[in-house]
Amino acid sequence: MALKIASRFRRLLQRPGSIDLGPYERLTQLVGEAEESVLSLTDEELTEAVAELRTTGGLHEDEQIEFLALARDAGKRAIGERAFDGQVVGALAMLQGRIVEMATGEGKTLAGAIAAAGYAVGGRKVHVLAVNDYLAKRDAEWMGPVYELLGVTVSHVGQASTPQERREAYQAEVCYVPVSEIGFDVLRDRLVTDVADRVTVEPDVALVDEADSVLIDEARVPMVLAGATRNEALDDDVVQLVRTLRAGVDYEIDGDGRTVALTDRGTDKVESALGERAAAAAAEPATETATETAEADEADGAAEDADADADGETDEAAEDADGEVEAAAEPERPTYNLYDDENLDRLTQINVALHAEVLLRKDVDYLVRDGKVSLINNNRGRIAKLQRWPDGLQAAVEAKEAVPVSDSGEVLDSITVQALIKRYKSLCGMTGTAVVVGESLQEFYDVEVAVVPPNKPNIRKDDPDRLYLTVDQKNEALVKHIGEVHETGRPILIGTHSVEESEQLSDQLAAAGIEHVVLNAKNDAEEAAIIAEAGVPGTVTVSTQMAGRGTDIRLGGKDETHDKDKAIELGGLYVIGTGLHASRRLDDQLRGRAGRQGDPGGSLFFASLADELVTRYSVSSGLRPHPDDTGRLTDRKSIGMLEHAQRVADGANAELHRTTWQYNRLTGQQRAILLETREKVLTEDLAATELAERAKERYDELVDEVGEDVVKSAARRIALRHLDRRWTDHLAYLADLREGIHLRSLAGGIVHLKPIDEFNKSAIASFDTLIEDAWKDAAETFADAEISSDGLNEEASGIPRPTATWTYLVNDNPFGTEADRILGRLRNAIKPESGAESEEILAEEFDADELPEELRDLDDEDLPEELRAADDDDDDDEAAKKKD
């Protein structure tokens with residue numbers, strides 16, 4: 001009753017997660033009554049009963065009741081799991097197009113399978129979008145017997161699947177596939193030159209597992225299809241030069257640690273070094289290698305140093321006696337302007353090399369293994385197998401780590417998760433934490449959240465966060481606390497933020513004599529087996545980014561035979577976080593690993609004011625913390641700052657998602673126009689018609705020579721190539737445009753120009769003639785193309801396609817977002833040397849419209865005290881002026 005009242009109260013307040021479960025609960029009761037008639041059926045009769053319900057228009061209410069009764073019994077027969085009422089409620093909500101929130105261990109996988117089968121029986125094709133290959137394969141195979149008993153075909157797709165395997169898998173009624181794989185398949189299908197080469201099917205229903213992670217977290221990372229064209233290896237002299245630069249002298253890092261820039265002194269140093277090397281290279285014989293040149297430079301430098309040491313006093317005397325003559329004799333210092341147009345490529349190399357050297361950290365942002373640089377997915381702490389940095393940054397990191405430089409290429413097309421999901425006619429899903437992002441789900445996907453109460457009450461005990469002044473004090477208290485709990489035998493799961501942090505903690509635990517296992521991106525192949533045993537008494541498991549791993553942790557181990565009763569007696573699984581995440585939702589996912597299905601459990605998070613979350617997203621100016629002897633802080637202001645930092649971080653991430661969507665929305669509309677033309681070229685005779693009009697004599701001549709079918713095929717391939725080429729060039733232009741679009745807002749003078757408006761204006765102008773230009777290019781190629789009875793020779797005709805295509809994920813803003821930059825400016829603005837300077841900067845630099853939404857919309861009481869004080873000071877000054 002209390003749950004129903006709470007649900008209706010949330011609905012009254014129109015808060016996310018307020019869908020009334022009453023109708024679903026009534027239907028679930030009817031499902032229970034209908035189940036009695038199903039129990040006497042044989043397996044064959046059950047399958048036949050489901051077949052009789054099959055339709056092409058979706059299941060009506062009465063049919064849903066009958067199907068769910070059959071599906072519930074099928075689960076019990078096939079895998080020994082009879083769906084609880086909560087799972088039936090969840091399945092019903094998904095069949096109605098909702099995102100379902102169900103706690104960890106409540107059986108989301110079975111509920112999702114029942115919903116997917118329900119859609120399939122209603123004549124729909126379903127893609128169950130998973131977060132990785134492991135879960136897609138595991139769930140498809142695990143739920144396979146249930147689908148088979150219901151007469152529904154099921155399949156799965158992974159990174160290793162061949163084109164033919166993918167084509168067959170997508171034909172199944174239910175296909176489990178990682179969201180990145182379906183995205184990449186869609187991109188590849190957009191570039192085929194023959195309909196038979198496509199692998200995907202028309203999108204219909206998307207059922208998203210870990211919906212908040214896929215739809216919100218992953219939505220900030222576009223998927224890219226690229227064509228291999230070149231190698232981006234950095235010059236070794238650039239790498240070595242950057243390593244000689246000094247922090248605070250030659251370059252400066254912004255307050256967020258997101259951007260780094262040369263100082264004037266650093267620019268002079270770089271220009272001097274590059275100028276000298278350019279002059280030396282020009283003076284050397286053409287046959288001399290770069291290595292020999294460098295060795296000669298070093299030898300000359302050593303000789304000069306020796307001469308200087310031997311004749312230093314004499315030189316100084318001569319210089320004092322005849323300074324002007326000495327100056328005249330000195331050779332001219334080579335001039336090198338890093339910002340000249342001809343040196344822009346070198347400037348870019350310097351910038352990306354500096355970014356890689358200073359800001360990207362090994363074992364935090366990436367790993368080096370098997371001679372390759374592998375990025376770490378910040379949301380999951382896992383290796384992002386297909387993810388790489390753009391704009392030469394990947395090559396810069398590879399040069400930094402002295403590993404072979406991987407192939408680069410040009411972007412052929414890209415798609416965001418949001419654009420991918422928008423293709424589907426119906427959307428539903430499930431996760432353990434959806435309410436927190438309920439507003440975002442409504443804003444970006446127009447889908448509502450339904451919160452399904454747990455089958456058994458949650459009795460997990462969540463202790464208040466423990467805050468410390470410094471990281472060292474936090475870690476000392478953390479290790480001590482782990483040791484105390486471990487002595488009792490209680491199973492412990494520790495969630496860290498990075499591989500580096502997990503390994504440092506592992507060293508500290510080893511030094512303290514605490515046996516443990518470490519799970520991070522370096523051994524992700526074993527993660528499921530390790531996590532499954534995290535509930536065994538006496539076990540200490542250290543894991544990088546536990547959120548979303550999708551593996552159930554049972555007390556007593558996977559088979560619940562290793563002292564389950566003792567684990568319960570000790571209080572169940574104890575989850576410890578080494579720091580708060582950027583979103584409280586991710587903290588909740590980690591907490592949710594304990595206390596499944598009414599089991600006892602507990603959680604505790606440690607944090608410090610020196611954690612990245614606080615230093616990056618909060619403002620500590622004016623704070624006077626008073627820690628105890630261990631460094632722990634318990635005052636309201638310090639704890640409030642921690643909470644404020646997390647709220648701002650959440651807002652910044654939401655703004656990044658919003659920005660990604662804004663900049664990709666117009667591109668998506670333009671892509672749709674292009675794809676409409678491309679589809680007609682691919683499936684109809686549009687290319688032949690167009691080129692016959694634009695080059696009639698050539699067309700008729702070729703028809704007489706090789707036949708009309710060959711000419712039509714050649715015309716199609718020529719037109720497709722030029723449409724794709726123009727689109728690739730357009731995407732490259734948009735990438736460059738976005739890189740510097742913020743400069744246009746500065747050029748507006750008094751009138752503030754919005755970057756997105758300027759971007760859209762230029763993008764529209766660029767696309768306006770794209771299709772017509774492609775037809776002109778096609779006509780020119782057609783006039784001289786080498787076409788024989790064997791067809792078009794693309795290479796000889798000057799329109800070769802990429803020798804290979806590959807896919808990757810790319811962070812949309814590797815150098816920081818506008819919200820990041822404003823937050824950095826805000827921090828710098830309120831940390832000046834004098835109070836007067838603070839007021840002056842705030843008044844000049846910031847207004848309400850310029851601040852990011854996460855700061856703009858905060859009430860005064862939610863703002864840091866320093867900002868409220870600055871606000872009050874401004875009001876006092878204004879009042880004083882009026883009084884005067």
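Residues numbered from 1 in each chain as written. Predicted model: local features only at pLDDT ≥ 70, side-chain atom pairs only at ≥ 80, totals over all residues. Heavy atoms only, no water.

## Quick look at the overall build of the chain
Helix and strand content of the chain: 36 helices and 25 strands. Every one of the 884 residues in the chain was classed for burial, and the buried ones make up 51%. A separation of at least 24 residues holds for 76% of the contacts in the chain among residues at least 6 apart in sequence. Of the roughly 41,700 Å² that the chain leaves accessible, carbon and sulfur atoms contribute 47%. (Helix = DSSP H or I, 4+ residues; strand = E, 2+ residues; numbered from the N terminus. Buried < 20%, exposed > 50% of the residue type's maximum accessible area, 1.4 Å probe, protein only. Contact = heavy atoms within 4.5 Å. Areas by Shrake-Rupley, 256 points an atom, 1.4 Å probe, with all protein chains shown as cover.)

## With respect to the sheet that holds strand β5 (residues 205–209)
Overall, parallel pairing links the seven strands, which are arranged β3-β4-β2-β5-β13-β1-β14 in an open sheet. The outermost strands of the open sheet, each flanked by one partner alone, are β3 (154–156) and β14 (449–451). Here the average twist between neighbouring strands, direction ignored, is 20 degrees. In this sheet, β5 lies alongside strand β2 (residues 126–130) in parallel orientation, the contact comprising four bridges. Residue pairing in the sheet places valine 128 in a bridge with leucine 207 of β5. (Pairing = 2+ DSSP bridges. Axes fitted to C-alpha atoms, helices over the stretch in contact; angles between N-to-C directions.)

## Examining the packing of helix α19 (residues 438–445) against helix α26 (residues 636–683)
It is the contact of α19 with α26, at a shortest axis distance of 12 Å, that shows an interaxial angle of 5 degrees. On the basis of their axis angle, the class for α19 and α26 is roughly parallel. For the pair α19 and α26, the contacting residues are Glu443, Phe444 and Tyr445 in the first and Ala654, His657 and Arg658 in the second. Grouping the constituent residues of the contact of α19 with α26 by class yields three nonpolar, one polar and two charged. (Parallel < 35°, antiparallel > 145°, perpendicular 65-115°, else oblique. Nonpolar A, V, L, I, M, F, W, Y, C, P; charged D, E, K, R; others polar.)

## Details of the confidence of the model for the chain
Here the chain averages 80 in pLDDT, and 76% of its residues register 70 or above. Within the model, pLDDT remains below 50 along residues 812–884, and this stretch shows 97 contacts once partners closer than five positions in the same chain are excluded. (pLDDT = per-residue confidence, 0-100.)

## Points about the nonpolar core
If you look at the biggest cluster of nonpolar residues, it comprises 98 residues, and the most contacted ones within it are Phe67, Leu150, Leu215, Leu441 and Tyr445. For this core, the element with the most residues is helix α6 (residues 108–121), which contributes 10 residues. Leave out the neighbours within four places in its chain, and tyrosine 445 touches Leu215, Ile216, Ala219, Val417, Gln418, Ile421, Lys422, Leu427, Ser440 and His657. (Core = buried A, V, L, I, M, F, W, Y, C linked by side-chain atoms within 4.5 Å.)

## Here we look at empty space enclosed by the protein
Applying the stated rule across the entire model yields nine cavities of 30 Å³ or more. A volume near 60 Å³ is recorded for the largest cavity. Lining the largest cavity are Arg190, Leu191, Leu412, Asp413, Arg671, Leu674, Leu675, Arg678, Asp724 and Trp727. Elements with a contribution of two residues or more to the lining of the largest cavity: β12 (407–415), α26 and α29 (708–739). Looking at the lining of the largest cavity residue by residue, the classes come out as five nonpolar, no polar and five charged. (1 Å grid on protein atoms, 1.4 Å probe; cavity = no way out; pocket = protein on both sides within 12 Å on 5 of 7 lines; lining within 4 Å. Points joined across faces, edges and corners; volume = space filled by probe spheres on them.)

## Some words on the packing of aromatic side chains
Applying the stated criterion across every chain, the model contains five aromatic pairs. Taken together, a centroid distance of 6.4 Å and an interplanar angle of 90 degrees make the contact between tryptophan 727 and phenylalanine 767 edge-to-face. Of this pair, tryptophan 727 sits in helix α29 while phenylalanine 767 sits in helix α31 (residues 755–767), placing them 40 residues apart in sequence. Residue tryptophan 727 shares its accessibility class with phenylalanine 767, and that shared class is buried. (Phe/Tyr/Trp six-rings, centres within 6.5 Å; stacked < 30°, edge-to-face > 60°.)

## As for a negative patch on the surface
There is a patch of like negative charges on the surface, built from Glu44, Glu45, Glu48, Glu52 and Glu66. Of all the elements, helix α3 (residues 43–53) adds the most residues to the negative patch, at four residues. By relative accessible area, glutamate 44 is classed as exposed at 55%. (Patch = residues over 30% accessible without salt bridge, like charges linked within 9 Å, V, L, I, M, F, W, Y side chains within 5 Å. Salt bridge = Lys/Arg side-chain N within 4 Å of Asp/Glu carboxyl O. Lys, Arg positive; Asp, Glu negative; His and termini not counted. Charge placed at Lys NZ, Arg CZ, Asp CG, Glu CD.)

## A short note on the pattern of salt bridges
For the structure on display, the rule yields 42 salt bridges. With a closest N to O distance of 2.9 Å, arginine 585 and aspartate 212 form a salt bridge. One end of the pair, arginine 585, is in helix α24 (residues 584–591); the other, aspartate 212, is in helix α11 (residues 211–217), and 373 residues separate them in sequence. Judged by its relative accessible area of 3%, arginine 585 is buried. The salt bridge involving aspartate 465 is made with arginine 591; its shortest N-O contact spans 3.5 Å. Of this pair, aspartate 465 sits in the loop between β15 (461–462) and β16 (466–468) while arginine 591 sits in helix α24, and the two are 126 residues apart along the sequence.

## A short note on helix α7 (residues 133–142)
For α7, the set of buried residues is Leu135, Ala136, Asp139 and Ala140. The arc that holds every buried residue of α7, seen down its axis, measures 120 degrees, which confines them to one face. Of the surrounding elements, those touching the buried residues of α7 are α6, β2, α8 (144–149), β3, β4 (174–178) and β5. Where α7 begins, the capping side chain belongs to asparagine 132, and its oxygen is found 3.2 Å from the backbone nitrogen of tyrosine 134. (Arc of directions from axis to C-beta. Polar contact = N/O pair within 3.5 Å; in protein donor to acceptor, adjacent residues only side chain to side chain.)

## Quick notes on the pairing of strand β20 (residues 573–577)
The element β20 is extensively covered by neighbouring structure, given that five of its five residues are classed as buried. Burial of the side chains of β20 extends over both faces: Leu573, Val575 and Gly577 are buried on one face and Tyr574 and Ile576 on the other. Where strand β17 (residues 492–496) meets β20, four bridges bridge the pair, whose relative direction is parallel. Across the sheet, residue glycine 495 finds its bridge partner in β20, namely glycine 577. Bridge count for β20 against strand β21 (residues 601–608) is five bridges, and the pairing is parallel.

## Examining unusual backbone geometry
Phi is positive for aspartate 446, which is not a glycine, with a value near 55 degrees. Of note, aspartate 446 is situated in the loop between α19 and β14. The backbone phi angle of glutamine 597 is positive, close to 50 degrees, even though this residue is not glycine. Inspection of the secondary structure assignment puts glutamine 597 in the loop between α24 and β21. Judged by its relative accessible area of 13%, glutamine 597 is buried.

## Points about the packing of α26 against α31
For any two helices packed against each other, the geometry comes down to the angle between their axes and how far apart the axes lie. Running from amino to carboxyl end, α26 crosses α31 at an angle of 15 degrees, the nearest separation of the two axes being 9 Å. By the angle between their directions, the pair α26 and α31 is classed as roughly parallel. Where α26 crosses over α31, the handedness of that crossing is right-handed. Where α26 abuts α31, its residues Gln662, Tyr663, Leu666, Gln670, Ile673 and Leu674 lie against Pro755, Ile756, Phe759, Asn760, Ala763, Ile764 and Phe767. Residues belonging to the contact of α26 with α31 are distributed by class as follows: 10 nonpolar, three polar and no charged. (Left-handed = near helix turned anticlockwise from the far one by under 90°.)

## Remarks on the environment of glycine 371
In this structure, glycine 371 sits in the loop between β9 (366–369) and β10 (372–377). The class for glycine 371 is partly exposed, based on a relative accessible area of 38%. Beyond its immediate stretch of four places on either side in the chain, glycine 371 contacts Val403 and Pro404.

## Remarks on α6
With 14 residues, α6 should cover 20 Å at 1.5 Å per step; its first-to-last C-alpha distance of 20 Å lies within 8% of that length. Extensive coverage of α6 is indicated by the burial of 14 of its 14 residues. Positioned one or two residues after α6, glycine 123 has a phi angle of 90 degrees, which is positive. (Expected span 1.5 Å × (residues − 1).)

## Some thoughts on the environment of aspartate 724
If you trace the backbone, aspartate 724 turns up in helix α29. Overall, the relative accessible area of 6% leaves aspartate 724 in the buried class. Linking aspartate 724 and arginine 801, residues 77 residues apart in sequence, is a C-alpha distance of 9.7 Å. When near neighbours in sequence (up to four residues on either side) are disregarded, aspartate 724 contacts Leu191, Arg678 and Arg801.

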